[in-house]
Amino acid sequence: DFLHANDMIAFLRENTQLHMAGACYPEKHFESFSMESDLNNLIKKQDAGAEFFISQMFFDNDYYYSFLDKADRKGISIPICAGIMPITSAKQLGTTITLSGSSIPKALTDLIAAYGDNKEDMRKAGIDYAIRQIRDLQENGVNNIHLYTMNKTKTAREIMEGVYR
């Protein structure tokens, strides 16, 4: 019954006591005509009552930093959590890109080229990449991180241990 996410947020805000987050896309939503129109939709979600945003996964922090700057200039004032997904298998990357439309930086494609045929080495390298990505975010003042681990608690634990050691 809801054509857009902001319609659902407004309905839920009026009819429930739920806390609501909205999705956002550092490289713009794949169905959006432009980053400007995508940011306009985020304003609608914010105005409808979203309390924070969780970004779609991204693999190049520069896209996220640029997005934060654009969102700030547009008037988005609620927190924006960085969505990080460790790529732990070469096959996972293809599926992930199809679903998210995220760009793949050379460092990640090199990692897959080097470790993609070895399941355990690829898993370790993917976790290490996510750890380095999170550390860079934190060094640049980003402390709201959402991990996309697809219910893999061991992966989440290893990332958290790596980030905070």
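Everything that follows concerns the structure shown earlier in this document.
This write-up is about the structure you can find in this document. Please read these numbers as outputs of a predicted model, since none were measured by experiment.

### Digging into the pairing of strand β2 (residues 52–55)
For a regular strand, side chains alternate in direction, first toward one face of the sheet and then toward the other.
Part 1: Burial along β2 is one-sided: Phe53 and Ser55 are buried, while Phe52 and Ile54, pointing the other way, are not.
Part 2: Where strand β1 (residues 21–24) lies against β2, four bridges are found, and the strand directions are parallel. Within the sheet, the bridge partner assigned to Ala21 lies in β2 and is Phe52.
Part 3: After leaving β1, the chain enters helix α2 (residues 35–48) and then returns to the sheet as β2, a path that is right-handed.
Part 4: Here β2 pairs with strand β3 (residues 80–84) via two bridges, running parallel. Across the sheet, Ile54 pairs through a bridge with Cys81, a residue of β3.
Part 5: Of the crossover connections in this fold, the one passing from β2 over helix α3 (residues 61–74) to the parallel β3 is right-handed.

### Focus on the pairing of β3
Part 1: Of all five residues in β3, five are buried, a share of seventy percent or more.
Part 2: Along β3, one buried face is formed by Ile80, Ala82 and Ile84 and the opposite face, lined by Cys81 and Gly83, is buried too.
Part 3: Summarising the sheet, β3 and strand β4 (residues 145–147) pair through three bridges and their orientation is parallel. Of the residues in β4, the one forming a bridge with Gly83 is His146.

### Here we look at the nonpolar core
Considering soluble globular proteins, one finds that nonpolar side chains tend to be buried as a cluster.
Part 1: In this structure, Phe53, Ile76, Ile80 and Ile159 are the most contacted members of the largest nonpolar core, which totals 29 residues.
Part 2: Contributions of two or more residues to this core are made by α2, α3, β3, α6 (119–139) and α7 (153–163).
Part 3: Discounting chain neighbours no more than four positions away, the residues touching Ile159 are Pro86, Ile127, Ala130, Ile131, Ile134 and Leu147.
Part 4: The next biggest cluster of nonpolar side chains, apart from the first, holds eleven residues, and it includes Phe59, Ile87, Leu111 and Ala125.

### Digging into the packing of helix α5 (residues 106–115) against α6
Part 1: Where α5 contacts α6, the two axes come as close as 9 Å, and the packing angle between them is 160°. Between α5 and α6, the angle is such that the two are roughly antiparallel. The interaxial crossing formed by α5 with α6 has right-handed handedness. Between α5, through Ala107, Leu108, Leu111, Ile112 and Tyr115, and α6, the contact on the second element is made entirely by Asp121, Met122, Ala125, Gly126, Tyr129 and Arg132.
Part 2: Within the contact of α5 with α6, the residues separate by chemical class into eight nonpolar, one polar and two charged.

### What about the side chain of His29?
Part 1: Tracing the chain through its elements places His29 in the loop between β1 and α2.
Part 2: Side-chain polar atoms of His29 contact the backbone nitrogen of Glu31, separated by 2.9 Å.

Scoring rules and cut-offs
- Sequence order as written defines residue numbering, which begins from 1 separately in each chain.
- In view of the model being predicted, local features appear only for residues whose pLDDT reaches at least 70, and side-chain atom pairs are presented and counted only at 80 or more, with totals across whole chains, interfaces and linings using the full set of residues.
- Processing note: side-chain calculations cover all non-hydrogen atoms of the structure and skip hydrogens and water entirely.
- Using a 1.4 Å probe on the protein chains alone, a residue whose accessible area is under 20% of its type maximum counts as buried, one over 50% counts as exposed, and one in between counts as partly exposed.
- To qualify as a helix, a DSSP run of H or I must reach at least 4 residues; to qualify as a strand, a run of E must reach at least 2; elements of each kind are numbered from the N terminus.
- Two strands are counted as paired when DSSP detects at least two bridges linking them.
- When the strands point away from the viewer, a crossover counts as right-handed if the route from the first strand across the helix to the second turns clockwise.
- Buried Ala, Val, Leu, Ile, Met, Phe, Trp, Tyr and Cys residues that are joined via side-chain atoms within 4.5 Å together make up what is termed a nonpolar core.
- Pairs of residues are marked as contacts when any of their non-hydrogen atoms sit within 4.5 Å.
- Note on geometry: axes are lines fitted to C-alpha atoms, helical ones only across the stretch in contact, with angles between N-to-C directions running from 0 to 180 degrees.
- Oblique is the label for any angle not under 35 degrees, not over 145, and not in the 65 to 115 range, which are roughly parallel, roughly antiparallel and roughly perpendicular in turn.
- Here is the rule for handedness: rotate from the far helix to the near one, and if that takes an anticlockwise turn smaller than a right angle the crossing is left-handed, while a clockwise turn gives right-handed.
- Classes in brief: Ala, Val, Leu, Ile, Met, Phe, Trp, Tyr, Cys and Pro nonpolar; Asp, Glu, Lys and Arg charged; the others, Gly included, polar.
- Counting of polar contacts relies on pairs of N or O atoms within 3.5 Å, with two restrictions inside protein: one atom must be capable of donating a hydrogen and the other of accepting it, and residues adjacent in sequence are counted only when both atoms are side-chain atoms.

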